[in-house]
Amino acid sequence: MTSIRPDLDSLPAYVPGRAVPGAIKLASNEVPIPPPAAVLAAIAEAAAGGNRYPDLAAVALTERLATELGVGTERIAVGCGSVSLCQQLVQISCRETTDEVMFAWRSFEAYPIVTQIGNARAVTIPLDGDFRHDLDAMAAAVTPNTRLIFVCSPNNPTGTVVHRAEFERFLAAVGPDVLVALDEAYFEYVMDPEAVDGTRLLEAHPNLVVLRTFSKAYRLAGLRVGYAVTAPDVATALRKVCVPFSISSVAQAGAIAALDHASELLSACKEVVGERVRVREALVAAGYTVPATQANFVWLALGERTADFARHCGEHKVIVRPFHPDGVRVTVSSPEENDRLLEAVLAFAP
Ligand SMILES: *Cc1c(COP(=O)(O)O)cnc(C)c1O
């Protein structure tokens with residue numbers, strides 16, 4: 001087609017988690033139980049006003065998040081999922097085709113996509129031998145063209161966290177001119193006391209953007225709502241490039257109701273925290289290389305056996321997420337679903 005950008009042909013396609021009848025889906029890091037009844041009621045009530053446009057500025061949700069986080073509303077930008085905010089970050093920081101967006105690899109598969117959509121150049125820095133961000137190498141790779149750096153903690157898909165001390169060293173080395181987005185999509189699952197919490201570093205670092213989401217621990221992946229906490233001028237820019245009305249009234253109401261029921265939702269995370277230890281230990285005992293995880297998924301570093309392993313699990317009606325030729329990411333779910341995973345895995349010759 002004549003006027004379509006030819007470079008889109010090479011755009012890496014986002015591979016959605018597959019749903020197969022009778023199979024359990026451990027491919028998208030969702031929680032397998034629906035939102036609490038009270039959250040569903042708030043969603044239904046908002047749906048009844050579906051003839052009206054949503055609040056463009058998501059004022060009530062923004063105010064609520066500001067209260068929860070103890071920051072001013074001017075520091076918050078709500079987005080249609082934090083994936084959308086990733087794309088907005090490229091839009092607000094990159095203009096020339098020489099502009100660079102840096103991220104570790106392997107990391108979240110949306111980063112290269114939003115970078116290319118934004119016409120910027122992706123610079124990838126390999127994870128270290130422990131499947132962690134190599135922040136020294138990333139800082140050393142900053143050039144005058146670097147505009148934005150994504151740091152994912154816990155890292156999707158390897159589950160490893162960035163520690164506060166190393167992140168502060170990294171911010172100091174990068175300096176104030178480059179936007180640094182700390183993607184904390186799995187923040188609620190983090191138990192490591194040394195792990196970074198980006199919201200504590202915002203005062204000292206106006207170039208820091210903390211991304212969080214309602215899709216994981218808050219069980220609203222289908223509603224599409226996430227947020228950025230950052231310096232006021234960055235938040236203002238993010239709001240400017242947001243697709244108008246893309247955060248639906250249902251999403252806004254659902255997110256507020258989820259915050260009302262945070263203790264119920266977050267206590268369910270504790271079961272996953274226990275299960276991720278059990279699942280990892282069983283996998284390690286079976287001979288797999290699995291880094292310790294602070295998220296609701298585990299990473300099996302399977303290398304060239306990745307595709308075979310994923311096919312084998314599929315035949316056992318367990319859908320996992322392969323990233324050939326690096327490894328397989330598997331969501332840690334309920335004890336029953338995790339048992340089905342382990343059963344399938346033990347039938348695979350490692
Ligand atoms: C799941 C996930 C998100 C959240 O995406 P939403 O658009 O909010 O659903 C963001 N970053 C990472 C690394 C993720 O794994």
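Definitions and cut-offs
- Residues numbered from 1 in each chain as written.
- Predicted model: local features only at pLDDT ≥ 70, side-chain atom pairs only at ≥ 80, totals over all residues.
- Heavy atoms only, no water.
- Helix = DSSP H or I, 4+ residues; strand = E, 2+ residues; numbered from the N terminus.
- Expected span 1.5 Å × (residues − 1).
- Buried < 20%, exposed > 50% of the residue type's maximum accessible area, 1.4 Å probe, protein only.
- Domains from an automatic or database assignment.
- Contact = heavy atoms within 4.5 Å.
- Salt bridge = Lys/Arg side-chain N within 4 Å of Asp/Glu carboxyl O.
- Polar contact = N/O pair within 3.5 Å; in protein donor to acceptor, adjacent residues only side chain to side chain.
- Patch = residues over 30% accessible without salt bridge, like charges linked within 9 Å, V, L, I, M, F, W, Y side chains within 5 Å.
- Areas by Shrake-Rupley, 256 points an atom, 1.4 Å probe, with all protein chains shown as cover.
- Near = heavy atom within 4 Å.

1. Brief notes about helix α3 (residues 82-93)
- With 12 residues, α3 ought to run about 16 Å at 1.5 Å a step, and its terminal C-alpha atoms sit 17 Å apart, in line with that.
- Within α3, burial applies to Ser 82, Leu 85, Cys 86, Gln 88, Leu 89, Val 90 and Ser 93.

2. Here's the deal with the domain arrangement of the protein
- What the domain assignment lists for the protein is domain 1 (6-34 + 263-345) and domain 2 (37-260).
- Relative to domain 2, the C-alpha centre of domain 1 lies at a distance of 23 Å.
- Between domain 1 and domain 2, the contact holds 34 residues from the first and 27 residues from the second.
- On inspection of domain 1 and its partner domain 2, the count reaches 2 salt bridges.
- Here Arg 321 makes a salt bridge to Glu 109, at a shortest N to O gap of 2.7 Å.
- Between domain 1 and domain 2 we count 11 residue pairs in polar contact (both at pLDDT 80 or more) in total.
- The greatest single-element share of the side of domain 1 that touches domain 2, amounting to 7 residues, is contributed by helix α9 (residues 262-285).

3. Focus on a nonpolar patch on the surface
- On the surface, Tyr 53, Leu 56 and Phe 245 cluster together to form a nonpolar patch covering roughly 370 Å² of accessible area.
- Here Leu 56 lies in the loop between α1 (37-47) and α2 (59-69).
- Of the residues examined, Leu 56 reaches a relative accessible area of 54% and is grouped as exposed.

4. Notes on the site of the ligand
- Around the ligand sit 13 residues in total, of which Tyr 186, Thr 213, Ser 215, Lys 216 and Arg 224 are the nearest.
- Between the ligand and Ser 215, the relevant distance is 2.6 Å, taken from an oxygen atom to a side-chain nitrogen or oxygen of the residue.
- Side-chain polar atom of Arg 224 to an oxygen atom of the ligand: 2.6 Å apart, as the coordinates give it.
- Summarising the interface, the protein chains cover 94% of the accessible area of the ligand, which totals 390 Å² for the free molecule.

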